[in-house]
Amino acid sequence: MTDTWALFDRLADGYDQVVPFFAEFGARLLDVVQPHPGMRLLDVGSGRGAIAAAAAARGCSVTAVDAAPRMVALLAAAHPEIDVRLMDIHRLDLPDATFDVATAGFVIHLVADPARVLTELRRVLRPGATVALTTPGPGDDRGRWQAFDAIWSDFAARATARSRPAHLDVPPALRAAGFVDVRTVGIAVHLPVSDPQTCWDFHMSHGFAARVEALGPSDAAAFKQRALAELTRMHRSGGIIVDSRATVCLAKSPAS
Ligand SMILES: C[S@@+](CC[C@H](N)C(=O)[O-])C[C@H]1O[C@@H](n2cnc3c(N)ncnc32)[C@H](O)[C@@H]1O
C-alpha cells in the first residue's frame, strides 16, 4: 500500500463528513458532464462516493474504484447499487471500451504516474466517450490557504513531506494520452462553516492531514494552535466560508 492509499484509508471514516466539500464538488462536476440515465460511468479514486453516489442517483450504472480498502468498504456498504472495487487505477482490471464516461475527482494530481492512469482511462472508455477530471484551484479560498502556508513555512524545515501536492497541467497530459476535444470548466462551492474548530476538523478530514502529520507531534500541536488562532480571527471578521474553486478538465476519447 502506498503512503497516499494508507493516508486515505486512515481518513476514510471522517472523510467528507464534517463539511460536504467533496460531495458538493462531485455534484458540480456532474452538472458539467450531464451524464444521461443508463450511461455506464466509471469513477476512479472514488473515496466515499462524492461523484459515484451522485451519478447513481442520476440513474447511471456506476463502477467505482479506489485503492484504500476502508473507502471501498464504506462506499460499498452505503451504496449497494454501485459496483465498488478495490483497485490501483494505474492498472484497471476492467475490459477495453466499456464505459461512456470516466470521472476522477481530486485524484489525478495525487497519483504516481498520471500518464499511465490516463492511458488506462482511454483504454476502458468506448470511442467518443467523455473523461472529466477535477483538480483543485485556481484560488486561495479567501486567504485561508495562504495563511496556512505562511504558518507552515515556519515549520517546513523539520517537516518530512512537501507543503502541497505538485501542480499537474492536465490538458497536455490528456492530449498526450490520445484524448481529443480537451477543454476546461471552472466550478466552485460556497460552504459556510459554523466555527474555527469545525473548520480545523474539516481540514484534518482530508489530504491536508498529511501535511500536519509530517510535522511530528510537537510541531503539529504548535501548528494547530496557530492555525486555530488564524481561523478564530477569520471567524470574528465576517465568518469562515469555504469558498473553493476547482477546474474540471474534459476530453473525449477519439471516435474510432
Ligand atoms: C482526494 S480523494 C478524492 C475522493 C473522491 N474522488 C472525492 O472527490 O471525494 C483521493 C482518492 O483517490 C484514491 N487514490 C489515490 N491514488 C489511487 C490509486 N493509484 N488507485 C486508486 N485510488 C487511488 C485515494 O484512496 C482517495 O480515496
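Before any of the text, the structure's been laid out above.
Every value quoted in this text rests on a predicted model; they were computed, and no experiment measured them.

Colleague: Outline the pairing of strand β4 (residues 99-105), listing residues and values.
Modeller: In terms of burial, β4 is a largely internal element, 7 of the 7 residues being buried. The pairing of strand β1 (residues 40-44) with β4 spans 3 bridges and is classified as parallel. Within the sheet, the bridge partner assigned to L41 lies in β4 and is V101. Pairing geometry for β4 and strand β5 (residues 125-136), over 6 bridges, is parallel.

Colleague: How would you explain the packing of aromatic side chains if you had to name every residue and give the values?
Modeller: With the rule as written, the count across this model stands at 16 aromatic pairs. Judged by centre distance (6.2 Å) and plane angle (35°), the rings of F21 and F106 are tilted. Note that F21 is positioned in helix α2 (residues 21-33) and F106 in the loop between β4 and α5 (114-124), a separation of 85 residues in sequence. As far as the burial class goes, F21 and F106 line up, both buried. Taken together, the ring pairs connect F8, Y15, F21, F22, F25, F106 and F202 into an aromatic cluster. The residue whose ring lies beneath R211 is W152, and the NZ or CZ to ring-centre distance is 5.5 Å.

Colleague: With reference to specific residues and values, describe the nonpolar core.
Modeller: Grouped together as the largest cluster of nonpolar side chains are 59 residues, with contacts concentrated most on F21, V62, I82, W200, F223 and L231. Not counting the four nearest positions on each side in its chain, F223 is found in contact with F148, I151, W152, F155, W200, F208, V212 and L215. Residues V44, L94, V107 and F179 belong to the second largest nonpolar core, which totals 29 residues.

Colleague: Before we move on, could you go through the side chain of T130 and cite the residues and values that matter?
Modeller: Position of T130 relative to the elements: it lies in strand β5. Its relative accessible area of 15% is what places T130 among the buried residues. A polar side-chain atom of T130 sits 2.9 Å from a polar atom in the side chain of K252.

Colleague: Give me the lowdown on the pairing of strand β7 (residues 240-252), citing residues and values where you can.
Modeller: Counting buried positions over the 13 residues of β7 gives 10, a clear majority of the element. With 7 bridges joining them, β5 and β7 adopt antiparallel strand pairing. Opposite T135, over in β7, you have T247 as the bridge partner. Sheet analysis places strand β6 (residues 180-193) next to β7, joined by 12 bridges and oriented antiparallel. Note that in β7 the partner of V185 across the bridge is V248.

Colleague: Lay out the pattern of salt bridges with the relevant residues and their values.
Modeller: One pass over the structure, following the stated rule, counts 16 salt bridges. In this structure, the salt-bridge partner of D13 is R70, at a minimum N-O distance of 2.7 Å. Highlighted residues: D13 in the loop between α1 (3-11) and α2 and R70 in helix α4 (residues 69-78), separated in sequence by 57 residues. Its relative accessible area of 45% is what places D13 among the partly exposed residues. A relative accessible area of 34% places R70 in the partly exposed class. The network of salt bridges with shared partners includes E24, R28, D31 and R58.

The rules behind the values
Residues numbered from 1 in each chain as written. Predicted model: local features only at pLDDT ≥ 70, side-chain atom pairs only at ≥ 80, totals over all residues. Heavy atoms only, no water. Buried < 20%, exposed > 50% of the residue type's maximum accessible area, 1.4 Å probe, protein only. Helix = DSSP H or I, 4+ residues; strand = E, 2+ residues; numbered from the N terminus. Pairing = 2+ DSSP bridges. Phe/Tyr/Trp six-rings, centres within 6.5 Å; stacked < 30°, edge-to-face > 60°. Lys NZ or Arg CZ within 6 Å of the ring centre and 35° of its normal. Core = buried A, V, L, I, M, F, W, Y, C linked by side-chain atoms within 4.5 Å. Contact = heavy atoms within 4.5 Å. Polar contact = N/O pair within 3.5 Å; in protein donor to acceptor, adjacent residues only side chain to side chain. Salt bridge = Lys/Arg side-chain N within 4 Å of Asp/Glu carboxyl O.

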